[in-house]
Every structure is written in structure tokens, then in C-alpha cells.
Amino acid sequence: MPVLPGAEPFHHEGGEVGVLLCHGFTGSPQSLRPWARYLAERGLTVSLPLLPGHGTRWEDMQLTGWQDWYAEVDRELRALRERCSHVFVLGLSMGGALALRLAAKHGEAVDGVVVVNPANKVHGLAAYALPVIRHLVPTVKGITSDIAKEGGVEIGYDRVPLHAAHSMRNFYRLLDGELPQVTQPLLLLHSPRDHVVPPADSARILSRVSSVDVTEILLEQSYHVATLDHDADRIFEESYAFVSRLAPAAGKEAGAGQAGQQEGTATGG
């Protein structure tokens, strides 16, 4: 199936500091593309893959599960490690959960983690009904475009495939047990007015990780897809400052990034 216009992956060849960005459940790279471009313009090597089953039609996602999504970002991380001396993992929503698992599993190969409205649990009755209802009803109403900014649109599915949602639920339960293995510096940004992932998920993650260097920032003006919302610029600036603090070479590469941006966007749209 052809990829939805705007949902294409993004890659940029920059300097020795690399970042891997992970998009959310039923979403696409479009939700993180401005963030990816911002970091690419400052000289970083950037990878923003399209997760399997995403960016086409919901029927394709129904055939995938968390193992497929995680395998994709795991491959991208390994490729970045071959290219870069420092690598950071970043993510939105379920993408934040994927980033946290990469940190838990890869240890010192990951220099730091940045997550925006990270998900940790499927809440409410849906969590208990999923194992059964997914065999009776294929989809429910979608969760995309929770954005406070007028005119803000997230490219993703207008339906949630329930087989995939059940797999996501299992992934969150697995990751919750692995969070103590996360020891890297952590920057967690979350929206108090998030209609998709409640603040309790961020609180749970902060209470479970073993990271000592932890920064929590509230995104007061945004809903769930904060990377396309009023607080987007703050997310971009804070994440770059975080990366530059932990890998000072990132700041030195900023000039080179401006010159090489056209080449990088040629592969990513």
C-alpha cells in the first residue's frame, strides 16, 4: 500500500551525535517531522522511521504487533550506533514507550532519553475488554489529532485496530517491569490536559526508572500531540539543550547542519 502523503520517514546525515525519534500508535512520522527537522538543522544525524503497519491504512496495522514496531526502532538504533559516537532516543506517546525500552535494553549504547506524553498503560474498561472484544469488533474510533492549536492536524488512522491495541497493552505491561533498567539521563515533557494519555502515566514512569539525572517539564498549552501544538518550540529547544549538555559535540555541529539540510530532507520528505 502507498504511504499517506506526509507520513513518510525522515533521515538526515549529520555529525557524530545521532537521534532516533519514535512516533506514536496509529500515528506517523508527520507528528515528529518538525522536531526532526529542527534537530537536523542543528547538525545532528536524525532517524525518524515509519513503524510497520502505520502510515497506510488501518487494515495493515491489524496484522502487526509491538514486536514489529520495536524491531524497527531497534534496527534504526543499531544503525545509528555504527554511524555516531553518541545516540539519543526520543519519542511521543507509544513512541516514548519504545524509546524507554530501547534505553532499558541497550544500556550504555543510549546516551539519553527524551519522551513527550509517554504512554505506560491502557486505561479503563478497554484494558479488560480488549482480549475478548478484539475478536468481535475490528476497530473503534481513532485517537489522532488531540491538539489544542487551531488548525492542528495529525496524519494517522481514524480507527484503532483492536488486535494491534491488544498487542500495545501487552507491551506496556512488559515495559513497566523493565523501567528500573532505565538508568540514562531522562527528559520527560507532558501535558496536564492530555485527552489520550493521562498524567498518571508520566508519574508512573518517573517513579519506576532508575535514572538519577531526571528533568520533568509541564506543557501547559498543549494536548497530547504536543509536538504539533503550542509548546512545540519549547520541546524542540529543551531537547536540543538536553542533547548538547550530554554530548557537547552537538553544539559544534550546528553550522554543518545548516549546510547539509537539503541533502538530508531529500531522503525523508
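Every value quoted in this text rests on a predicted model; they were computed, and no experiment measured them. Position numbers for residues start from 1 in each chain and track the written sequence from start to end. With pLDDT at 70 or above as the cut-off, local features in this predicted model cover only qualifying residues; side-chain atom pairs require 80 or more to be listed or tallied, and sums for whole chains, interfaces and linings still use all residues. Hydrogens and water molecules were not included; the side-chain quantities draw on all heavy atoms of the structure.

**Some details on the pairing of strand S9 (residues 214-218)**
- DSSP bridges decide pairing: two strands pair if at least two such bridges lie between them. A run of H or I in DSSP counts as a helix once it spans at least four residues, and a run of E counts as a strand once it spans at least two, with each numbered from the N terminus. Of the strand pairs in this sheet, strand S8 (residues 186-190) and S9 are connected by five bridges, and their pairing is parallel. Counted as the bridge partner of Leu-186 is Val-214 from S9.
- Crossover handedness is defined by viewing with both strands directed away from the observer: a clockwise path from the first strand over the helix to the second marks the crossover as right-handed. Between the parallel pair S8 and S9, the chain is carried across by helix H7 (residues 199-208), and the sense of this crossover is right-handed.

**With respect to the environment of Thr-144**
- Counting through the fold element by element, Thr-144 comes out in the loop between strand S6 (139-141) and strand S7 (159-161).
- Between the C-alpha atom of Thr-144 and that of Val-160, which follows or precedes it by 16 residues, the distance is 9.5 Å.
- Residues in contact with Thr-144, not counting those within four places in the same chain, are Thr-26, Glu-154, Gly-156 and Tyr-157. Residue contacts are counted whenever heavy atoms from the two residues lie within 4.5 Å of one another.

**Remarks on the UniProt feature "site: Important for substrate specificity" (unreviewed entry) in the protein chain**
- UniProt positions are given in the numbering used here, feature names are shortened, and annotations may be inferred rather than shown by experiment. Under the feature "site: Important for substrate specificity" (unreviewed entry), the UniProt entry names Ile-143.
- By secondary structure assignment, the location of Ile-143 is in the loop between S6 and S7.
- Among residues more than four places away in sequence, those in contact with Ile-143 are Phe-25, Thr-26, Val-160 and Val-196.

**Considering the packing of aromatic side chains**
- Ring geometry is summarised as follows: Phe, Tyr and Trp rings, the Trp one being its six-membered ring, pair when their centres sit within 6.5 Å, and such pairs are stacked at plane angles under 30 degrees, edge-to-face over 60 and tilted between the two. Taken as a whole and assessed by the stated rule, the structure comprises five aromatic pairs.
- Residues Tyr-38 and Phe-236 carry aromatic rings whose centres are separated by 5.6 Å and whose planes lie at 40° to one another, so their mutual orientation is tilted. With Tyr-38 in helix H1 (residues 33-41) and Phe-236 in helix H8 (residues 232-246), this residue pair connects regions lying 198 residues apart in the sequence.
- For every residue, the accessible area (1.4 Å probe, protein chains only) is compared with the maximum for its type, and the residue is labelled buried under 20%, exposed over 50%, or partly exposed between those bounds. Since its relative accessible area comes to 16%, Tyr-38 is described here as buried.
- Aromatic pair Phe-171 and Tyr-172: ring centres 6.0 Å apart, planes at 40°, arrangement tilted. For the pair formed by Phe-171 and Tyr-172, the shared burial category is buried.

**Observations concerning the environment of Val-196**
- Inspection of the secondary structure puts Val-196 in the loop between S8 and H7.
- Along the backbone, Val-196 and Ser-210 are 14 residues apart, and their C-alpha atoms lie at a distance of 26 Å.
- The contacts of Val-196, once residues within four sequence positions are left out, are Ile-143, Asp-146 and His-224.

**Description of the side chain of Ser-191**
- Locating Ser-191 in the fold gives a position in the loop between S8 and H7.
- Given the relative accessible area of 1%, Ser-191 is considered buried.
- Polar contact is defined as a pair of N or O atoms within 3.5 Å, subject to the rule that within protein one atom must be able to donate a hydrogen and the other to accept it, and that residues adjacent in sequence are counted only when both atoms are side-chain atoms. A distance of 2.8 Å separates a polar side-chain atom of Ser-191 from the backbone oxygen of Tyr-223.
- If sequence neighbours within four positions are ignored, Ser-191 has contacts with Asn-117, Pro-199, Leu-219, Ser-222, Tyr-223 and Ala-226.

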